[in-house]
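What follows is the residue order along each chain.
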Amino acid sequence: MTAIESPAGDNGLALAVLNSVQNPVILVDRAGHVAFANWEAESFFGASAAQLARHEISGLIPFGSPLLALIDQVRERKAPVNEYRVDLSSPRLGQDKLVDLYVAPVVSEPGCVVVVFQERSMADKIDRQLTHRAAARSVTGLASMLAHEIKNPLSGIRGAAQLLETSVPDEDRSLTRLICDETDRIVSLVDRMEVFSDERPVDRQPINIHSVLDHVKAIAKAGFGRDVRISENYDPSLPPVYANRDQLVQVFLNLVKNAAEAVGDEADGEILLTTAYRPGIRLSVAGSREKISLPLEFCVIDNGPGVPTDLLPNLFDPFVTTKTNGSGLGLALVAKIIGAHGGIVECDSQSRRTVFRVLMPMHKEASSVEPAASLTTTGKAK
Ligand SMILES: Nc1ncnc2c1ncn2[C@@H]1O[C@H](COP(=O)(O)OP(=O)(O)O)[C@@H](O)[C@H]1O
Ligand SMILES: [Mg+2]
């Protein structure tokens, strides 16, 4: 153990220091053997320092790893080097072993080098996962961050503006009003995002989907859908869907609102709500050979211009919008809610016929409804 047991003396202290370092540190001697490993390195390589000492470094890391070339380079140049994002994944070290490396020569021991490993953070690993899952997670995190970091200061700003309102001259009052209105707008946006961070389980019961759709139609008729014809084509014998009623109302409100906005003021604009029982629809679940059945079909169909083709692949992602005042959260929320209910939502869009189709599992017993979390939403263009 060359460097550590150098004549300088206080080996015990040097060892204690190295073992307190939360990064793996090894010493590679002239012959390429691992002459020293701190505790963190023992756990990194899954072997004791004594076992490691019997190995050459080349036998411990993946064949052809850039670390070997780095060690040679340091020996030759007698100067330290850093290398970032080196992949050391192997059956021995495990998957996703992405590290930063610091390699330095030991001045007093020619040919010996110290290697310090810095494991890349979790965030890096998540980066390499499926992007939509990472996206969903980041929205969840972002939403709860916004709720804490933005809403509180905003209420302070609003309060201050209200106080000012009483003391500013009349002609400036529109400015204090502007501050209040704009802070209100941000708060309501944050509120809308907050539903994404709500991971609490929801109450579910057997729900008559037709009563939900009729309720949504009534809301639409009283406001944003006043001028659009809304007709329905229901299957009256449809069994109930096991769901949270408020969330279903939210889902169909979002879909009907988008449909109403799509048809705009077209004189022949029309929205059609349909329900049907389709026992034939079976879907494969990722990671399992089993197929699940989603026989309850609810559609919101409009005869607007259709979803722009370039939007389709990301249609259900948050912040995707073509509207000047759109939030792009409507469909993301639809996908989140339907996914949590074990269903899927898909879009089939062509000019003058855009179908948003929600497929839900059959309610057998309350406990038998499992969320099919691995199912994803799909967008299809014709
Ligand atoms: N029925 C529809 N017809 C055409 N385009 C649609 C329809 N529904 C949604 N879209 C498109 O999808 C985008 C995202 O919708 P959404 O998530 O509800 O956000 P927002 O309504 O705030 O824009 C819309 O901006 C629009 O471009
Ligand atoms: Mg919308």
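Everything quoted here is computed from the prediction, not taken from an experiment.

**Here we look at the layout of surface pockets**
In step 1: Space inside the second largest pocket adds up to approximately 860 Å³.
In step 2: Contributing to the lining of the second largest pocket are 35 residues, with Asn254, Asn258, Glu261, Lys323 and Gly330 lying nearest its centre.
In step 3: Contributing elements (two or more residues each) for the lining of the second largest pocket: α7 (173-197), α9 (245-263), β12 (296-302), α10 (330-340) and β14 (353-360).
In step 4: Residue classes in the lining of the second largest pocket are distributed as 17 nonpolar, twelve polar and six charged.
In step 5: Mapping the lining of the second largest pocket onto the domain boundaries places at least three of its residues in each of domain 2 (123-196) and domain 3 (203-375).

**Re the pairing of β12**
In step 1: Buried residues dominate β12, accounting for seven of its seven residues.
In step 2: Residues of β12 alternate between two faces, with Leu296, Phe298, Val300 and Asp302 on one and Glu297, Cys299 and Ile301 on the opposite face, all of them buried.
In step 3: In terms of strand pairing, strand β9 (residues 270-277) meets β12 through seven bridges, oriented antiparallel. When the bridges of β12 are listed, Leu272 appears paired with Ile301.
In step 4: As paired elements, β12 and β14 share seven bridges and run antiparallel to each other. Bridge pairing in β14 places Ile301 opposite Val355.

**Here's the deal with the site of ligand 1**
In step 1: Taken together, 20 residues form the shell around ligand 1, and within it Asn258, Asp302, Thr321, Thr322 and Lys323 come nearest.
In step 2: Here an oxygen atom of ligand 1 and a side-chain polar atom of Thr321 are 2.5 Å apart.
In step 3: In the environment of ligand 1, an oxygen atom lies 2.5 Å from a nitrogen or oxygen atom belonging to the side chain of Thr322.
In step 4: Out of a free accessible area of 530 Å², ligand 1 has 93% covered by protein chains.
In step 5: Put simply, ligand 1 lies in the second largest pocket.
In step 6: Of all the secondary-structure elements, those providing two or more residues to the shell around ligand 1 are α9, α10 and β14.
In step 7: Per-element tally for the shell around ligand 1: the top contributor is α9, with three residues.
In step 8: Its residues placed into classes, the shell around ligand 1 shows nine nonpolar, nine polar and two charged.

So, how was this worked out
- Residues numbered from 1 in each chain as written.
- Chains lettered and ligands numbered in written order.
- Predicted model: local features only at pLDDT ≥ 70, side-chain atom pairs only at ≥ 80, totals over all residues.
- Heavy atoms only, no water.
- 1 Å grid on protein atoms, 1.4 Å probe; cavity = no way out; pocket = protein on both sides within 12 Å on 5 of 7 lines; lining within 4 Å.
- Points joined across faces, edges and corners; volume = space filled by probe spheres on them.
- Helix = DSSP H or I, 4+ residues; strand = E, 2+ residues; numbered from the N terminus.
- Nonpolar A, V, L, I, M, F, W, Y, C, P; charged D, E, K, R; others polar.
- Domains from an automatic or database assignment.
- Buried < 20%, exposed > 50% of the residue type's maximum accessible area, 1.4 Å probe, protein only.
- Pairing = 2+ DSSP bridges.
- Near = heavy atom within 4 Å.
- Polar contact = N/O pair within 3.5 Å; in protein donor to acceptor, adjacent residues only side chain to side chain.
- Areas by Shrake-Rupley, 256 points an atom, 1.4 Å probe, with all protein chains shown as cover.
- Sits in = over half its atoms within 2 Å of the grid points.

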